[in-house]
Amino acid sequence: MGDPSAPLLTHIEDEGTSPSLSFHKIFEESLSGFTFPQFLQILLVGLALAFDSQQIFITVFTDAYPTWHCLDHRVCNPSTTTDICKLPRSAWEWDGGFKGKSAISEFKLECSSSFLRSLPTSAFYMGSIVGGVFMALVPDSFLGRKKLLFFTTLAMSLTGISIFFSSNIWTYAFLKFVIGFARSQTGTYALNLISERVSTKWRPRATMIPFTLFVLGFMSLSGIAYLVRHASWRVLYLCTSVPAAIHSVCIYFFALESPRWLHVQGKNQEAIEVLQRLSPVNRDYLESVSSRLDSKEQSPNSSIKDMFIRRWAFRRIVVVMIIMFGLGMMYYGVPLAVRDIKVNIYLSEALNAMVELPTFVITPILLEKFNRRSSVLVNCLLGGALGVLCFVMTTFERTNIAFALELGSFFCARIGFNLMAVYMIELFPTCVRNFATTMLRQSLVLGGASCPIIASVGRNVPSVSFAVFGLVVSGLGLFALLLPETKGSSLCDTMEAQEQSDQALKTKGSSPSC
């Protein structure tokens, strides 16, 4: 973090004779360090991803297939009978005698089709897709990063609380759809809000903090699920949604808006005030240069249609979506398919969450030492190979090795997502960054939406889903070769500035300031 005892920026020239300054220069100089207020703001906003992760993976526990035992050993032999649907209902019982442990048992879905059993999870992802499409049409100038984050987190948490009162599978699936719709852009708004409040130097490390909180939310879910394992599955929704609702209110009152977004909207004075709160040590500097902010800098007229009429932008968004579809299949699918390896569900999900933590140390190193394009490519190929090997080991009943390979494939999927999240922020300017990041998450969710059915098929063909995930992510990862390199580039605010930066990169080999 920046040293609070460090001297203020002193290179302030006479205001009457000094040339105007660009907002980008003021932004980079005032936030050249990493201050404690910045860290607190990142934690506040990043916690939204912790609660988001709990809603993403909660069905691993609430919709799990419960264990059972035989009651009538004349017709039921636990060592040979694996399909309870072939037994009379009086011959067996759920372990603990409690049918409310899972939505599967409470709604009597144990003998239903894989489609119906996976309906709530699929509805959640479909809601995320529909919500993503709807929210993608909301222009970047609407409300702002902070208010959009507040509304999406509040809606997600309130709907999660209402699941406690669901009476059948259809009501449950509908509420899961609403949750998916509400949280569809939570990660987008949080990530953009964080990345637009730190300098270029600190961006790779700062953006890993919310991802770390995402994993901690995932890990805490396993602990919460274990503590309430003897209670109704509905209780788990209450335990995760009530704190999320409280957090959304804290966002409204205490989170700061993105200074870059304020500048793009022509609210320069408000942007300067946010910078002063983020970097109190440079308050005098910011007060001195606020009057020298370039008055010729205009708010861009760029809109969503610019993403489609400009060939470079359209090509980038399509390539990114293709790569993220493959990563989405592996990232969301592996935790669902791991139950086919026949390991303890609480331990496996906790280890899957724990294996993500090192990725937030490794990712900044990759971003600082290697270029974006090759890092994404190698990561996708490696993760895909591990997925295929996991399927092979499961076929030979090498459970421990298969589980280790599963953790490795999940590890690569997480690193791939981290890399692509930072990559996407650098590929598009502020005026369309929300939309571009929305498309990234849309493709991620599209990949995730296909996972429940594939993972459910894995119950009949053990672990074949791992091979599917591995082959897809390896093949689609090759599209990274079509993206430009952005390492060391500054964030641009307009489409025109992005084009100039890209052109300078091609001709000079280094990206100038936007």
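For the structure itself, look to the data block above.
What this report covers is the structure whose coordinates are included nearby. Everything quoted here is computed from the prediction, not taken from an experiment.

Moving on: the overall build of the protein. Helix and strand content of the protein: 25 helices and two strands. A separation threshold of at least 6 residues defines the contact pool for the protein, and within that pool the share at least 24 residues apart is 83%. Accessible surface for the protein amounts to roughly 20,900 Å². Of this, 64% is attributable to carbon and sulfur atoms.

Here the focus is a nonpolar patch on the surface. On the surface, Val 249, Tyr 252, Phe 253 and Phe 254 cluster together into a nonpolar patch covering about 440 Å² of accessible area. Relative to the assigned elements, Val 249 resides in helix 12 (residues 233-254).

One finds Ile 323, Met 420 and Phe 428 to be the most contacted residues of the largest nonpolar core, which totals 123 residues. Contacts of Ile 323, omitting those with residues within four sequence positions, involve Val 376, Cys 380, Met 420, Leu 476, Phe 479, Ala 480 and Leu 483.

So, about the side chain of Glu 485. Counting through the fold element by element, Glu 485 comes out in the loop between helix 24 (464-477) and helix 25 (495-508). Arg 372 provides the closest opposite charge to the buried, salt-bridge-free Glu 485, at an N-O distance of 4.7 Å. Within the structure, Glu 485 has its side chain in polar contact with the backbone nitrogen of Arg 372 (distance 2.8 Å). Polar contacts involving the side chain of Glu 485 include one to the main-chain amide nitrogen of Lys 487, which spans 3.1 Å.

This paragraph deals with the pattern of salt bridges. Throughout the structure, instances matching the rule amount to eleven salt bridges. For Arg 433, the salt bridge goes to Glu 196, with nearest N and O atoms at 2.9 Å. On the criterion of sequence distance, the pair formed by Arg 433 in helix 22 (residues 430-449) and Glu 196 in the loop between helix 9 (186-195) and helix 10 (203-206) is long-range, its members being 237 residues apart. There is no split in this pair, since Arg 433 and Glu 196 are both buried. Glu 426 is the salt-bridge partner of Arg 372, the closest N and O atoms lying 2.8 Å from each other. One end of the pair, Arg 372, is in helix 20 (residues 372-395); the other, Glu 426, is in helix 21 (residues 399-427), with 54 residues separating them in the sequence. Comparing Arg 372 with Glu 426 shows no difference in burial state: the two are buried.

The next point concerns helix 2 (residues 36-57). Since one α-helical turn is 3.6 residues long, residues separated by three or four positions face the same way. Between the first and last C-alpha of helix 2 there are 32 Å, a value that for 22 residues agrees with the 32 Å anticipated at 1.5 Å per step. Of all the bends found along helix 2, the most pronounced is centred on Val 45 and spans about 25°. For helix 2, the buried fraction is high: 16 of the 22 residues fall into the buried class.

A word on unusual backbone geometry. Even without glycine at this site, Lys 108 takes up a positive phi of about 55°. Position of Lys 108 relative to the elements: it lies in the loop between helix 4 (103-106) and helix 5 (114-117).

Contact geometry for helix 6 (residues 119-136) and helix 22: axes closest at 9 Å, N-to-C directions at 160°. Regarding the angle of helix 6 to helix 22, the classification is roughly antiparallel. You can see that helix 6 and helix 22 cross each other, and the crossing is left-handed. Packed against helix 6, whose contacting residues are Ser 122, Tyr 125, Ser 128, Ile 129, Gly 132, Val 133 and Ala 136, the element helix 22 presents Phe 435, Thr 438, Met 439, Gln 442, Val 445, Leu 446, Gly 448 and Ala 449 at the interface. When its residues are assigned to classes, the contact of helix 6 with helix 22 shows nine nonpolar, six polar and no charged.

Before going further, it helps to examine the state of the cysteines. All told, the structure shown has one disulfide when counted by the stated rule. In this model, Cys 85 is linked to Cys 111 through a disulfide, with the two sulfur atoms separated by 2.1 Å. Disulfide Cys 85 to Cys 111: torsion about the S-S bond roughly -115°, handedness left-handed. In this pair, Cys 85 sits in the loop between strand 1 (68-70) and strand 2 (92-94) while Cys 111 sits in the loop between helix 4 and helix 5, placing the two residues 26 residues apart along the sequence.

Cut-offs and rules
- Residues numbered from 1 in each chain as written.
- Predicted model: local features only at pLDDT ≥ 70, side-chain atom pairs only at ≥ 80, totals over all residues.
- Heavy atoms only, no water.
- Helix = DSSP H or I, 4+ residues; strand = E, 2+ residues; numbered from the N terminus.
- Contact = heavy atoms within 4.5 Å.
- Areas by Shrake-Rupley, 256 points an atom, 1.4 Å probe, with all protein chains shown as cover.
- Patch = residues over 30% accessible without salt bridge, like charges linked within 9 Å, V, L, I, M, F, W, Y side chains within 5 Å.
- Salt bridge = Lys/Arg side-chain N within 4 Å of Asp/Glu carboxyl O.
- Core = buried A, V, L, I, M, F, W, Y, C linked by side-chain atoms within 4.5 Å.
- Buried < 20%, exposed > 50% of the residue type's maximum accessible area, 1.4 Å probe, protein only.
- Lys, Arg positive; Asp, Glu negative; His and termini not counted.
- Polar contact = N/O pair within 3.5 Å; in protein donor to acceptor, adjacent residues only side chain to side chain.
- Expected span 1.5 Å × (residues − 1).
- Bend = angle between axes of the 7 residues up to and from the residue.
- Axes fitted to C-alpha atoms, helices over the stretch in contact; angles between N-to-C directions.
- Parallel < 35°, antiparallel > 145°, perpendicular 65-115°, else oblique.
- Left-handed = near helix turned anticlockwise from the far one by under 90°.
- Nonpolar A, V, L, I, M, F, W, Y, C, P; charged D, E, K, R; others polar.
- Disulfide = S-S within 2.5 Å.

All we've got here are geometric facts, nothing functional implied.
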